[in-house]
Amino acid sequence: MPETTTQHALGDRAAFQLANVTKTPPQYGAITPRWLVRFLDWKPLEAGTLRVNRVADDKAIDVVCGQKDEKALPETYVEYEEKPREYTLRGISAVLDVHTRVSDLYSNPYDQVREQLRLTIENVKESQEGELVNNPDYGLLKNVAASQRISTRKGAPTPDDLNELLTKVWKEPSFFLAHPRAIAAFGRECTRRGVPPPTATLFGSPFLTWRGVPLIPTDKLYVDGNKKAKDAGGKTNILLLRVGEKKQGVIGLFQPGLPGEQTPGLSVRFMGISNKAIASYLISLYCSAAILVDDAIASLEDVEVGQYHDYNK
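Residue positions are given per chain, counted from 1 along the sequence in the order it is written. Thresholds applied to this predicted model are a pLDDT of at least 70 for local features of residues and 80 or more for the giving and counting of side-chain atom pairs; totals over whole chains, interfaces and linings are not thresholded and use all residues. Heavy atoms throughout the structure, all of them, feed into the side-chain values; hydrogens and water do not.

## Some points on the packing of aromatic side chains
Aromatic ring pairs are described here by two measures, namely the spacing of the ring centres and the angle between the planes. To be explicit about the condition: Only Phe, Tyr and Trp rings are paired, with Trp represented by its six-membered ring, and only when their centres lie within 6.5 Å; those with planes under 30 degrees apart are stacked, over 60 edge-to-face, the remainder tilted. Working definition: helices are DSSP H or I runs of at least four residues, strands are E runs of at least two. Numbering for both runs from the N terminus. We call a residue buried when its accessible area falls under 20% of the maximum for its residue type, exposed when it is over 50%, and partly exposed in between, using a 1.4 Å probe and counting protein chains only. Working rule: Lys NZ or Arg CZ, within 6 Å of ring centre, within 35 degrees of ring normal, means a charge sits over the ring.
Under the counting rule described, the total for this entry stands at 8 aromatic pairs. With a centroid separation of 6.1 Å and 90° between ring planes, the pair formed by F39 and F207 is classed as edge-to-face. Within this pair, whereas F39 is found in helix α2 (residues 35-39), its partner F207 is found in strand β8 (residues 205-210), the two being separated by 168 residues in sequence. Comparing F39 with F207, the two get one shared label, buried. Each member of the aromatic cluster is reached from another via a ring pair, and the members are W35, F39, F175, F203 and F207. One residue, R188, lies across the ring of Y308, its end atom 3.8 Å from the ring centre.

## Focus on a negative patch on the surface
What counts is decided by this rule: A patch consists of residues exposed above 30% relative accessible area that lack any salt bridge, with like charges linked at up to 9 Å and nonpolar side chains (Val, Leu, Ile, Met, Phe, Trp, Tyr) linked at up to 5 Å. Computed by Shrake-Rupley with a 1.4 Å probe, the accessible areas treat only the displayed protein chains as cover when residues are assessed. Between Lys or Arg on one side and Asp or Glu on the other, a salt bridge is scored when a side-chain nitrogen of the former is within 4 Å of a carboxyl oxygen of the latter. In summary, the charge assignment counts Lys and Arg as positive and Asp and Glu as negative, without counting His or the chain termini. Charge positions are represented by NZ for Lys, CZ for Arg, CG for Asp and CD for Glu.
A grouping of D57, D58, E79 and E82 is seen on the molecular surface, where their side chains present a negatively charged patch. Within the secondary structure, E82 sits in the loop between β2 (49-52) and β3 (85-88).

## A look at the sheet that holds strand β6 (residues 175-178)
The condition that has to hold: Two strands form a pair only when DSSP identifies at least two bridges running between them. Fitting a line to C-alpha atoms yields each axis, with helices limited to the stretch in contact; the angle taken between N-to-C directions then spans 0 to 180 degrees. Two residues form a contact once any of their heavy atoms are found within 4.5 Å.
One open sheet accounts for 7 strands, arranged β5-β15-β10-β6-β9-β8-β7; its pairing is mixed. Two strands lie at the open edges of the sheet, namely β5 (149-151) and β7 (199-202), each paired on one side alone. Shown here is a sheet whose adjacent strand axes are inclined to one another by a mean of 30°, direction ignored. Where β7 meets β8, 4 bridges bridge the pair, whose relative direction is antiparallel. Among the inter-strand pairings, T201 is bridged to a residue of β8, identified as P206. In this fold helix α5 (residues 159-168) packs onto β5, β6, β8, β9 (213-217), β10 (235-241) and β15 (297-304), with an angle of close to 160° to the strand it touches most, β15.

What follows is the structure, given as structure tokens:
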């Protein structure tokens, strides 16, 4: 017959019922640093619209240097585009529902409404960065001029490729923007050539650099058009940007002073409680991006991320 064990003290399982368990707030693995949003300069708008006025062509204005005689000075003027492009803010919205019974009974130590709002806002902000890159209207990828697009020489991103990209945005380039796998692929090519890229610390985090320009990671530049990698290989793009209105670069756009504003361009508004005791909250974020002149951004295309090397050979 099986032996029976006589218990002489309170067991762990029963004692655990009286213990206070230390808990974390909800963790959300899809949150990223959203470096693009941090590195862009943001311009507040009136009426949610920006008109980008440009000179009609890039020809030089007639001027005279070192004139000593009395010849007539050249007469000239600068022509503007008659139909400048206008950028209108686009909304990213969500409605959060929280049952009042849940928020009333289960909000200690963490407020259920606050945590639900926090996670929903994080999701909205992730969508914002995705739209800044991929939106079919104002997204950076879609608005790179044809003259500012180049392809890799051999598939994998090499130092020569990034050097060529720098010739496209040579006026005060701010940063490269690339998928983490593209940055890793570039690092492998540098290591193979014996020129490992140096690092720089920005916002308290280390970044690889090339020619003094940081390579900023984002998972919003997709590999083979997919948010999540399906295999070890695939192709993506690397962007190079100049940012800031004073530099005639790329700028982000937002609407200030929204009702219920939490952060610039983002608001949270209480919509009421239904007859089913469900409280609803409207989360809205309005944003867009503008490329002020064509040479503010360039794209390296057909970047292969799955090429590896045997360094022992």
